[in-house]
2 protein chains.
Amino acid sequence: MSKGKLVVVGGDAAGMSAASKVRREQPDREIVVFERGNHTSYAACGMPYFIAGQVSDSDQLIARKPAVFREKQNIDVRTRHEVINIDVDSKKVEVRNIKEDSTFWESYDELLIATGASPIRPDFEGIDSDGIFGLSTLQTGIDVFKYIEKHSPKKAVIVGGGYIGIEMAEALLDLDMEVTLFDMAPQVMTTMDKDMADLIAEYMRESGVNLFLNEKLDSFEAKNGTVTSVLTDQREVEAELVILGMGVKPNAALTDGTPIETGVKGAIKVDKKLQTSVPGIWAAGDCAESYHLIKKEKTWIALGTVANKHGLVAGINLSGGDLEFPGVCGTAITKFKDLEISRTGLSEKELEESGIKYKTAMIESRTRSGYYPGSDKINVKLIAEENNGKILGGQIVGFAGSAKRIDTIVTAITAGMTAQNIVDLDLSYAPPFSPVWDPVQTAARRLV
Amino acid sequence: MSKGKLVVVGGDAAGMSAASKVRREQPDREIVVFERGNHTSYAACGMPYFIAGQVSDSDQLIARKPAVFREKQNIDVRTRHEVINIDVDSKKVEVRNIKEDSTFWESYDELLIATGASPIRPDFEGIDSDGIFGLSTLQTGIDVFKYIEKHSPKKAVIVGGGYIGIEMAEALLDLDMEVTLFDMAPQVMTTMDKDMADLIAEYMRESGVNLFLNEKLDSFEAKNGTVTSVLTDQREVEAELVILGMGVKPNAALTDGTPIETGVKGAIKVDKKLQTSVPGIWAAGDCAESYHLIKKEKTWIALGTVANKHGLVAGINLSGGDLEFPGVCGTAITKFKDLEISRTGLSEKELEESGIKYKTAMIESRTRSGYYPGSDKINVKLIAEENNGKILGGQIVGFAGSAKRIDTIVTAITAGMTAQNIVDLDLSYAPPFSPVWDPVQTAARRLV
């Protein structure tokens, strides 16, 4: 039972997952996708590794190309087409054909907005100089790669010590650049607590990153339109390349002047089925809200996993199914060189803000049995509700084999497990994989 | 509130975990441990890696030595003392001092039996020849190591394709031996289903193991008391070293002629607090029963993790606490060279026996994003109850980063999650760690 023509705005993870799911369920339905860039279904998270030269060709980051969607799946994907207006009453979108610089109106019966997110680019003096890049679409990654190829910069400055910041620090160190990283916070990775983040900062400094915390960006100096240095409230640093890792914001401007409501951090408001406040109009991925399973409130999280799940759930509901997206725990994972980093749930910082009473264990253990070759350090922080021991959050920093252990904590949190429940878990043990008590359990034992 | 003198029989994982826990809770209580071997608290699971030379010194496998227990923890550990009788009525144990070849009776107020398990050594002709080894205590590992050092065997035969068998196959290949492995079953790793085990067998053959399945051991030939070849129902193979990996049995003979009951596979019957059928007598570790969380019946599993958990729970209960050991899922993990292997819950084979209707997904995915360096194959099998989708079991075979993913499945099973619950999990994703859908979720998606 098709609900007529489906128009999808945005051809990356969420949009194309949804379109593909609808196509599988409804082989004859008309599906049109407008994508303002050149690419579809690409792995934005892979850009730092492409820039570092670990991935040889940007095409490898593309899961499926527009032509494949058109030919194999009969999905009418039109790249370089930007949707600039939605007329909710007449059920039409205004589309700009970027290549031909023309516009037209396209009708829809159902609409899915999957416009993603964009890097925050505050209005600092000189920020539009050449050599200063944010990372969002695959094209921005290609732009950075080409700029490095052409100009061989030796001195790089990264603004912001979040995921993008530390992944790009690794990438640019790999390219033999001198790397300076500023953050206005007193720590890197502000989604983690300072004690865990300090372990990361220490390793970054040991690895050669000039790391300056508690420093506010002031401006960029340029010569002939090209960046030459970065000024903070405390120093000036030469820069031939600047990466902005100052966070992202949802691309929700399309809803301005429409009855489609926005919510947390300006993301498009959706229910658990991913329908917006306007029936027949859906939103998914980085542009849309999610529900936080532990905070039990709306949240906004721009991550590839969430976008893929959103896309699948929206696709199921768009094709006559009935599925809710339960929500997220705030899980994230990354690495800096050999140091693996992950987190889920709430941090101590977030819990203090929320007023929930909690207890914390932070332990150091080993990734493998101490005597087994390659055994190395792992630090695990586990946070539980004070009165009932329910796990509220976890953070991991350690070497090979550390970070993916966060999935045990994610699963335990989602199931409402206590610290004692984690101690009781029949987790796997053999010397090449773990000490006899998995480090996650060693942390949990401190909480019972 | 001490319950008087505690006597512990057996000084490995379960016994010493319990004794240490009691000492922490009851600093003044009298604790005596009798251990028939020379060593305490050693990592039996590390023996194959010690034999292979990856662990330089057998002392590294010892977590804590008898003298340390005596001096730092005031636990009266007596090695080379074997308990040979229990008189339940007078609350005494008969102890043989092996070194002095004398016996004496020692009184107890509470008794913990933690006697472990021993390799099965069926009565085949020639099985007592020199050069034929089972692996159980640390001493047996040291014996194998010394035998190899002294005789430099070039041709090794392993009987049994379970955990010990495949770990020893890796170890002996590492030592440049020609390795032949027999199993009477049509597959290796009979705790897994044949389709998954076949992936392991294929890799073992590619790595140079002469693997013969469906072959029954017949006898051993020896010359001057030393093994020279192994005969099966189909062939004769030269052997200068033989490792028996034919399974283990609980060491429960001590309960013969006492009112202490035994149960599953002859293991000592215990309640969830690990007390035996005789009040005041407890049992923990490889000699004791466990409860199977999915089968919902008593089971017997001889593994280091379980022994450590048993020890902790027994220690808590022995020192006035009140804690139950909920049970096990049947989790196990190992590797053969670069191939990682893990399983939990019930296999298809076990489900067929139990009559529970189930559905299965078996997928091949990647350990990391396909484009990320080091991305490699991972196979995941997930089994769910047919009518409600509840996860019943999981099996994983794959390369670096594969096997520890079983912990997500363990946690999900323990929490009673369905396949859809796994699809919904906010598991961690970044290119160096996973495809955007974790392989466990890719398998779960096939079940919804």
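The coordinates are above.
Here the structure is a predicted model, which means the values were calculated and not measured.

**Student:** Honestly, the relation of the copies chain A and chain B in this entry has me stumped. Any pointers?
**Tutor:** For these two chain copies, the linking operation is a rotation about an axis paired with a shift along it. Once chain A has been moved 0.0 Å along the axis and rotated by 180 degrees, it coincides with chain B to within an RMSD of 0.0 Å. On the angle and the small slide along the axis, the relation comes out as a two-fold axis. Ranked by how close their C-alpha atoms come to the rotation axis, the residues of chain A are headed by Thr408(A), at 2.5 Å. A shared binding surface is used by both copies, with 100% of the interface residues of chain A retained as interface residues in chain B.

**Student:** Where do I start with empty space enclosed by the protein in this structure?
**Tutor:** One water molecule sets the probe size; rolling that probe over the atoms shows where empty space is left. The full count for this structure, using the stated rule, is two cavities of 30 Å³ or more. Forming the walls of the largest cavity are Val270(B), Asp271(B), Lys272(B), Leu274(B), Glu289(B), Ser290(B), Tyr291(B), Lys298(B) and Phe325(B). For the lining of the largest cavity, the per-class residue count stands at four nonpolar, one polar and four charged. Estimates place the volume of the second largest cavity at around 40 Å³. What lines the second largest cavity is Lys309(A), Leu312(A), Val313(A), Leu323(A), Phe325(A), Gln420(B), Val423(B), Asp424(B) and Trp437(B). Secondary structure elements with two or more residues in the lining of the second largest cavity: helix 7 (304-318) of chain A together with helix 10 (419-424) of chain B. Looking at side-chain class alone, the lining of the second largest cavity contains six nonpolar, one polar and two charged residues.

**Student:** What's the story with helix 4 (residues 138-151) of chain B in this structure? I'm lost.
**Tutor:** Note on helix geometry: an α-helix contains 3.6 residues per turn, so any two residues three or four positions apart are oriented the same way. Taking 1.5 Å as the rise per residue, helix 4 of chain B with 14 residues should run 20 Å; its terminal C-alpha atoms sit 20 Å apart, in good agreement. Leu138(B), Thr140(B), Gly141(B), Ile142(B), Val144(B), Tyr147(B) and Ile148(B) are the residues of helix 4 of chain B that are buried.

**Student:** It is not clear to me how the sheet that holds strand 15 (residues 236-238) of chain A should be interpreted in this structure. Could you clarify?
**Tutor:** Strand pairing in a sheet relies on backbone hydrogen bonds, with the paired strands running either antiparallel or parallel. All names here are of chain A. Read from one edge of the open sheet, three strands run 13-14-15, paired in antiparallel fashion. Both outer strands of the open sheet, strand 13 (217-223) and strand 15, are each paired with one neighbouring strand and no more. The mean inter-strand angle of the sheet, taken between neighbouring strand axes irrespective of direction, is 25 degrees. Note that strand 13 and strand 14 (residues 226-232) share six bridges and pair antiparallel.

**Student:** Explanation requested: the packing of aromatic side chains in the structure shown.
**Tutor:** Any two aromatic rings considered together are summarised by their centre-to-centre distance and by the angle between their planes. All names here are of chain A. Enumeration over the complete set of coordinates arrives at 14 aromatic pairs over all chains. Ring centres 5.2 Å apart and planes at 70 degrees place the aromatic pair Phe 133 and Tyr 147 in the edge-to-face group. Of the two residues, Phe 133 is situated in strand 9 (residues 132-134) and Tyr 147 in helix 4 (residues 138-151); the sequence distance between them amounts to 14 residues. Neither residue differs from the other here; Phe 133 and Tyr 147 are each classed as buried. Three or more aromatic residues joined by ring pairs make a cluster, and in this case those are Tyr 203, Phe 336 and Phe 399. Lying across the ring of Phe 212, Arg 235 places its NZ or CZ 3.8 Å from the centre.

**Student:** What am I meant to see in helix 1 (residues 13-25) of chain A here?
**Tutor:** Residue and element names in this part refer to chain A. Taking 1.5 Å of rise per residue, the 13 residues of helix 1 would be expected to cover 18 Å, and the 18 Å separating its terminal C-alpha atoms lies within 8% of that figure. Counting buried positions along helix 1 gives eleven out of 13 residues, so the element sits mostly inside the fold. Residues of helix 1 that are buried include every one of Ala 13, Ala 14, Gly 15, Met 16, Ser 17, Ala 18, Ala 19, Ser 20, Lys 21, Val 22 and Arg 23, and no others.

The rules behind each value
- Residues numbered from 1 in each chain as written.
- Chains lettered and ligands numbered in written order.
- Predicted model: local features only at pLDDT ≥ 70, side-chain atom pairs only at ≥ 80, totals over all residues.
- Heavy atoms only, no water.
- Least-squares fit on C-alpha atoms with pLDDT ≥ 70 in both.
- Contact = heavy atoms within 4.5 Å.
- 1 Å grid on protein atoms, 1.4 Å probe; cavity = no way out; pocket = protein on both sides within 12 Å on 5 of 7 lines; lining within 4 Å.
- Points joined across faces, edges and corners; volume = space filled by probe spheres on them.
- Nonpolar A, V, L, I, M, F, W, Y, C, P; charged D, E, K, R; others polar.
- Helix = DSSP H or I, 4+ residues; strand = E, 2+ residues; numbered from the N terminus.
- Expected span 1.5 Å × (residues − 1).
- Buried < 20%, exposed > 50% of the residue type's maximum accessible area, 1.4 Å probe, protein only.
- Pairing = 2+ DSSP bridges.
- Axes fitted to C-alpha atoms, helices over the stretch in contact; angles between N-to-C directions.
- Phe/Tyr/Trp six-rings, centres within 6.5 Å; stacked < 30°, edge-to-face > 60°.
- Lys NZ or Arg CZ within 6 Å of the ring centre and 35° of its normal.

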